[in-house]
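Results of the structural survey
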Amino acid sequence: MISENMAAALNKHQNLEIFSSYLYLSMAFRADHMGLKGIAHWLHMQVREELVHVEKFSSYLLDQGQEVVLDAIEKPQAEFKSALDIYESALEHEKLITAKVNDLVTLASEERDHATVGMLQWFVTEQVEEEATFGDIVQKLKLIGSDGSGLFMLDKELSARPLPALAQGA
Ligand code: OFO
């Protein structure tokens, strides 16, 4: 059993994971509008991945006998100047998520809630991967600069991103 305080914090964070999916959906539509279909596809896969994160939090809350409380979702940013602007904004967002996950681990540790600390370890590792993935694409986009053929190639590369494992029902 986890504390009401911990359950409230996990519910609040779950809302942020839902917002992540909403933000990446907004970015996907913007990329599509720019003619970057591969990047739009990649971002749609990221939307699915964020929903897997939501699922992990809601399943954990339910397993702990807690209610899952859905809240209003903040309106996401819709205007982005370029692919680089999209990925730099996404990287900043992932850094925010990392900080929030770290806050949750701190809270769970203070409450000596070892089960929640254990559950959150998956997210601690995941955030290292998320920041690395977004950071790698930011670097590539910086190297590409205003080279249209480079952007074309990267867009093609990103169009190959598969569905995240849990979203395939694996
Ligand atoms: Fe992108 O990791 Fe969840 O929010």
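Residues numbered from 1 in each chain as written. Predicted model: local features only at pLDDT ≥ 70, side-chain atom pairs only at ≥ 80, totals over all residues. Heavy atoms only, no water.

Concerning the pattern of salt bridges
Summed over the entire model, instances satisfying the criterion amount to 7 salt bridges. One salt bridge in this structure joins Lys-95 and Glu-92, with 3.6 Å as the shortest N-O distance. With a gap of 3 residues between them, Lys-95 and Glu-92 both fall in helix α3 (residues 83-110), about one helical turn apart. What makes Glu-92 partly exposed here is its relative accessible area of 47%. Here Asp-136 and Lys-140 are joined by a salt bridge, their closest N and O atoms 3.7 Å apart. With a gap of 4 residues between them, Asp-136 and Lys-140 both fall in helix α4 (residues 114-144), about one helical turn apart. (Salt bridge = Lys/Arg side-chain N within 4 Å of Asp/Glu carboxyl O. Helix = DSSP H or I, 4+ residues; strand = E, 2+ residues; numbered from the N terminus. Buried < 20%, exposed > 50% of the residue type's maximum accessible area, 1.4 Å probe, protein only.)

What about the side chain of Gln-14?
Tracing the backbone shows Gln-14 in helix α1 (residues 4-33). If sequence neighbours within four positions are ignored, Gln-14 has contacts with Val-54, Phe-57, Ser-58, Val-68, Val-69 and Leu-70. (Contact = heavy atoms within 4.5 Å.)

Re unusual backbone geometry
Keep in mind that most residues, glycine aside, have a negative phi and that most peptide bonds are trans. The phi dihedral of Arg-112 falls on the positive side, at around 55°, and the residue is not glycine. Looking at where Arg-112 falls in the secondary structure, it is placed in the loop between α3 and α4.

Quick notes on the environment of Phe-29
Positionally, Phe-29 belongs in helix α1. On the basis of relative accessible area, Phe-29 is assigned to the exposed category, the value being 51%. Separated by 33 residues in the primary sequence, Phe-29 and Leu-62 have C-alpha atoms spaced 33 Å apart.

Topic: the packing of aromatic side chains
One pass over the structure, following the stated rule, counts 6 aromatic pairs. Arranged with centres 5.5 Å apart and planes meeting at 20°, the rings of Tyr-24 and Phe-134 form a pair that is stacked. Taken together, the residues Tyr-24 in helix α1 and Phe-134 in helix α4 connect sequence positions 110 residues apart. Here Tyr-24 matches Phe-134 in class, with each residue buried. Taken together, a centroid distance of 5.3 Å and an interplanar angle of 85° make the contact between Trp-42 and Phe-134 edge-to-face. Here Trp-42 is found in helix α2 (residues 37-63), whereas its partner Phe-134 is found in helix α4, with 92 residues between them in sequence. Both residues of the pair, Trp-42 and Phe-134, belong to the buried class. By way of ring pairs, the aromatic residues Tyr-24, Trp-42, Tyr-87 and Phe-134 are connected into one cluster. (Phe/Tyr/Trp six-rings, centres within 6.5 Å; stacked < 30°, edge-to-face > 60°.)

Focus on the nonpolar core
One finds Met-27, Ile-39, Leu-43 and Tyr-87 to be the most contacted residues of the largest nonpolar core, which totals 25 residues. Counting only elements with at least two residues in this core, the list comes to α1, α2, α3, α4 and α5 (148-158). The element contributing the most residues to this core is α1, with 6 residues. When sequence neighbours within four positions are dropped, the list of residues in contact with Tyr-87 reads Ile-39, Trp-42, Leu-43, Phe-134, Ile-137, Val-138, Leu-141 and Leu-158. Of all hydrophobic cores here, the second largest spans 18 residues; its members include Leu-10, Phe-57, Leu-104 and Leu-120. (Core = buried A, V, L, I, M, F, W, Y, C linked by side-chain atoms within 4.5 Å.)

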